[in-house]
Amino acid sequence: MSEQDILLKIEHLSKYYSGVKALDDVSFAVRRGEVHAICGENGAGKSTLIKILTGAIEPTRGQFKFAGKIYEKITPPQAIEAGIRVIYQEFTLIPYLSVAENVFYGQELMKGIVIDSKEINRMTSRMCRELGIDMNPRTKAESLGVAHQQIVEILKAISQSAKLFIMDEPTAPLTMNETKIFFGVVEKLKAEGATIIFISHRLEEIFEICDSVTVFCDGKCVVTKDIAELDKKSLISYMVGRDLDENYPKPGVAPGEEILRVDNVTGNGLKNVKFSLRRGEILGFGGLVGAGRTELAKVIFGADAADRCDMMFKGKPYAPKSPADALAFGIGLIPEDRKAQGLVMEMSIRQNITIGVLKKISRGIFIDGGMEDRYTDKYMSSLKINTPSAGAPVKYLSGGNQQKVVLAKMLATNCDVLIFDEPTRGIDVGAKQEIYHLMRELADEGKAIMMISSEMPELVGLSDRIVVMSGGQSVAELQREEYSQELILGHASSKLSAEV
Ligand SMILES: Nc1ncnc2c1ncn2[C@@H]1O[C@H](COP(=O)(O)OP(=O)(O)OP(=O)(O)O)[C@@H](O)[C@H]1O
Ligand SMILES: [Mg+2]
C-alpha cells in the first residue's frame, strides 16, 4: 500500500480516563475509496476513536495523518474543514426546515436575508438523483423516517465536500427495509470514490458492504484485514478472543399456566389485539415498524391508555393506570428507546440498577449498602457490564454498556412478566449470547417473556411461539415448526395494503 493510497493513518493513538484505557496505542490505516469497518465489543474504544477524529475529545498520546496533514489534536471546525464528517445517530437536523434547507444549513446559500430556495432545491434534487434516492427536497425533516434523516445527514456531508464519512452504528435504529435503502446510498457513495468508516454490531452488514476491517479489543487494535480474508467465525474470535457458541438456548421446561391474557385491545394505534402468555415461555412479536408492537407494550405496561382493553393477569382483571402500577403487579418493560426512557445519565451505574428496588434494599429510611452492592454485582457480572467502577455515572459508559444497565435495572425488579422491546439493539455479539441465555433462564424459572424483535434470526431462534402484528392488529400466531422468514414477512405486510 503506497502512502498515496492512504487517506487516514492512525499512529499510536491513546486516550486514558482515570482508571480506563479507552484507547491504548492504536495504529492502523484507512485506504482512499474503501469502506473500512471498526469492530469490537461494547466498550472496546470504537466511539472514542471517532470522537478524537472529529475533535470532540483530545487524545492523551499519539497522532493521526489525514489527507497528508499530521494532527496531534483537532478542533471540531478544523475537522469539518479537513473533510471529516460524522453521520450522527442522534440526529442534528432541524425538524421544521425542509430537506434542502437542512442540507445547506449554515452554508453560503442559506446565509443572508434571501435564501435562494430554488437553487438549494435544485442542488439537493441533483444529489438525490446521483445517489438514486427518491426524496422531495421540500419535505420537512420532521416528516422523514429515520433512514431518510440519516440520508439527509449524508447529503449535508457531501455538500460540505467531505472526504471521510464516519458512520457510528447508523443501522442500529433502522429496520431491514430501511437498512437496504441506506446501504444503496452507501454503495453509490463508494462508487463515487468516497471513503467510509463504518461501525456496526450486526456482522452480516460488515460482510455485506465493507472492504476491510479493523478489530478493537479493550482499547487495543487487534488486527486489520481485508474482508475477503475473514469469515464470521474468525471475525468473532478476533473480537471476543474465543470461539462463540451461536446456538440459541433451548427451553428447559414446558410452558406452564397462562399468566397474562390480552383481549380486544383497541386504541393507541391498535385494533382488537389478542394473545395469551404462559409462564416459562418466550413469546416473540414480529412485524414491521409501525405494526403497533411498541404501542401494545406501552398499553400493557400502563404507559399509554387504550380505548378498550380487556386484560387478565394471574386470573384477575388487570388495568394498570401507570408504569408504577404495572410494576407493582409484576409486569416490567425494557423500552426500545433506552436513553430517553431508561436511564438517569448523571447517576451512577449502581443507583440506576437499584432505583426500582429501593424498598427491598432499604432498612427504614436508609439504603443497605451491602444489599445494594450484591444486587449491582450480580447483574454487572452476569451481563458483563464493562467498567472499572459501579460508582461511575452511566453517561461515561459506552453505548452498549448503557443498554445493559437498563436491562439490569428491570431484571432487579424481579417481575413475573418481562417485556423486552428490541433487547439486543447496539449490543455486541458476545453479550447478545449472554442476554439470550439470561432470558431463557428467566423463562425456565417460571417467568413469562414477551420479546419484540426486528432481528429475524433472534426472533426465530429464541421464541417459543411468535405473534405477528400488522397495521395495529395481531394477524397470526406461529408455532416453532412453522417458522420461516417468508411466512413472518408475509403476515407482517398483510394489513398494510388494506390500510392504505
Ligand atoms: N468520559 C469518560 N470517562 C471515563 N470513561 C470513559 C469516558 N468515555 C468513555 N469511557 C470509557 O471508554 C471505554 C470505551 O468506550 P467507547 O464508547 O469508545 O466504546 P465503544 O467501542 O464505542 O462501545 P459500544 O459498542 O458499546 O458503543 C469504555 O470503557 C467507556 O466506559
Ligand atoms: Mg460506541
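Rules used throughout
The residue numbers shown here count from 1 along each chain, following its written sequence. Chain letters start at A and ligand numbers start at 1, both assigned in the order the entries are written. Local features in this predicted model are restricted to residues of pLDDT 70 or higher, and side-chain atom pairs are both shown and tallied only at a pLDDT of 80 or more, whereas totals for entire chains, interfaces and linings draw on every residue. Derived side-chain values reflect all non-hydrogen atoms in the structure, with water molecules and hydrogen atoms excluded from consideration. In DSSP terms, a helix is any run of H or I states spanning at least four residues, a strand is any run of E spanning at least two, and both are numbered starting from the N terminus. Using C-alpha atoms as the atom set, the radius of gyration is obtained and then compared with a globule rule of 2.2 Å times the number of residues to the power 0.38. Accessibility here uses a 1.4 Å probe with only protein chains present; expressed as a share of the type maximum, an area under 20% marks a residue as buried, one over 50% as exposed, and anything in between as partly exposed. What makes two residues a contact is simply this: any of their non-hydrogen atoms within 4.5 Å. Working definition of accessibility: Shrake-Rupley area with a 1.4 Å probe, residue cover restricted to the visible protein chains. The pairing criterion for strands is at least two bridges between them, as found by DSSP. As a rule, the C-alpha atoms of each element are fitted with a line to give its axis, helices using only the stretch in contact, and angles between N-to-C directions run from 0 to 180 degrees. Distance and chemistry together define a polar contact, namely a pair of N or O atoms within 3.5 Å, with one atom able to donate a hydrogen and the other to accept it when in protein, and with adjacent residues in sequence counting only for side-chain atoms on both sides. What makes a residue near a molecule or strand is one non-hydrogen atom of that residue sitting within 4 Å of it. Any carboxyl oxygen of Asp or Glu that lies within 4 Å of a side-chain nitrogen of Lys or Arg is treated as forming a salt bridge with it.

1. Description of the overall build of the protein chain
At step 1: The secondary structure content of the protein chain amounts to 18 helices and 22 strands.
At step 2: Computed over its C-alpha atoms, the radius of gyration of the protein chain comes to 24 Å, within 12% of the 23 Å expected for a compact globule of 500 residues.
At step 3: Projected onto the principal axes, the alpha-carbon positions of the protein chain cover approximately 70 × 55 × 45 Å.
At step 4: Taking all 500 residues of the protein chain together, 51% fall into the buried category.
At step 5: Taking contacts inside the protein chain between residues at least 6 apart in sequence as the whole, the part at least 24 apart equals 65%.
At step 6: Summed over all atoms, the accessible surface of the protein chain reaches about 22,300 Å², with 51% contributed by carbon and sulfur.

2. Details of the sheet that holds strand β9 (residues 212-217)
By way of backbone hydrogen bonds, the strands of a sheet pair with one another, either parallel or antiparallel.
At step 1: Taken in spatial order, the 6 strands line up as β6-β7-β8-β3-β9-β10 in an open sheet, and their pairing is mixed. The open sheet terminates on both sides in strands that have one partner only, identified here as β6 (84-87) and β10 (220-226). Across the sheet, the mean angle from the axis of one strand to that of its neighbour is 20°, orientation sign disregarded.
At step 2: Relative to strand β8 (residues 195-199), strand β3 (residues 35-39) runs parallel, the two being bridged by 4 bridges.

3. Brief notes about helix α9 (residues 293-300)
At step 1: Counting buried residues in α9 gives 6 out of 8 residues, a clear majority hidden from the surface.
At step 2: Listed as buried for α9 are R293, T294, L296, A297, V299 and I300.
At step 3: Backbone geometry just downstream of α9 places G302 in the positive-phi region, at approximately 75°.

4. A few points about the side chain of D24
At step 1: Note that D24 resides in strand β2 (residues 20-31).
At step 2: Within the structure, the side chain of D24 is placed 3.2 Å from the side chain of K220, a separation counted as a polar contact.
At step 3: What D24 contacts, discounting residues up to four positions off in sequence, is L13, S14, Y16, G219 and K220.

5. Observations regarding the site of ligand 1
At step 1: Looking at ligand 1, there are 18 residues lining it, with G43, K46, T48, S398 and G400 nearest.
At step 2: The separation between an oxygen atom of ligand 1 and a polar side-chain atom of N42 is 3.0 Å.
At step 3: Here an oxygen atom of ligand 1 sits 2.7 Å away from a polar atom, N or O, in the side chain of S398.
At step 4: Within the complex, 90% of the 650 Å² of free accessible area of ligand 1 lies under protein.
At step 5: For the shell around ligand 1, the secondary-structure elements that each account for two or more residues are β2, α1 (46-54) and α14 (399-412).

6. Concerning the pattern of salt bridges
At step 1: In total, this model carries 24 salt bridges according to the counting rule given.
At step 2: Between K190 and D211 there is a salt bridge, and its shortest N-O distance comes to 3.2 Å. Of the two residues, K190 sits in helix α6 (residues 176-191) while D211 sits in the loop between α7 (203-209) and β9, which places them 21 residues apart along the sequence.
At step 3: For K190, a relative accessible area of 23% puts it in the partly exposed group.
At step 4: Residue D211 is classed as partly exposed on the basis of its relative accessible area of 24%.
At step 5: Of the charged contacts, one joins R279 and D416 as a salt bridge, the two residues approaching to 3.9 Å between their closest N and O atoms. Here D416 lies in the loop between α14 and β19 (417-421) and R279 lies in the loop between β12 (270-278) and β13 (282-286), a separation of 137 residues in the sequence.

Geometric values such as these leave the question of function open.
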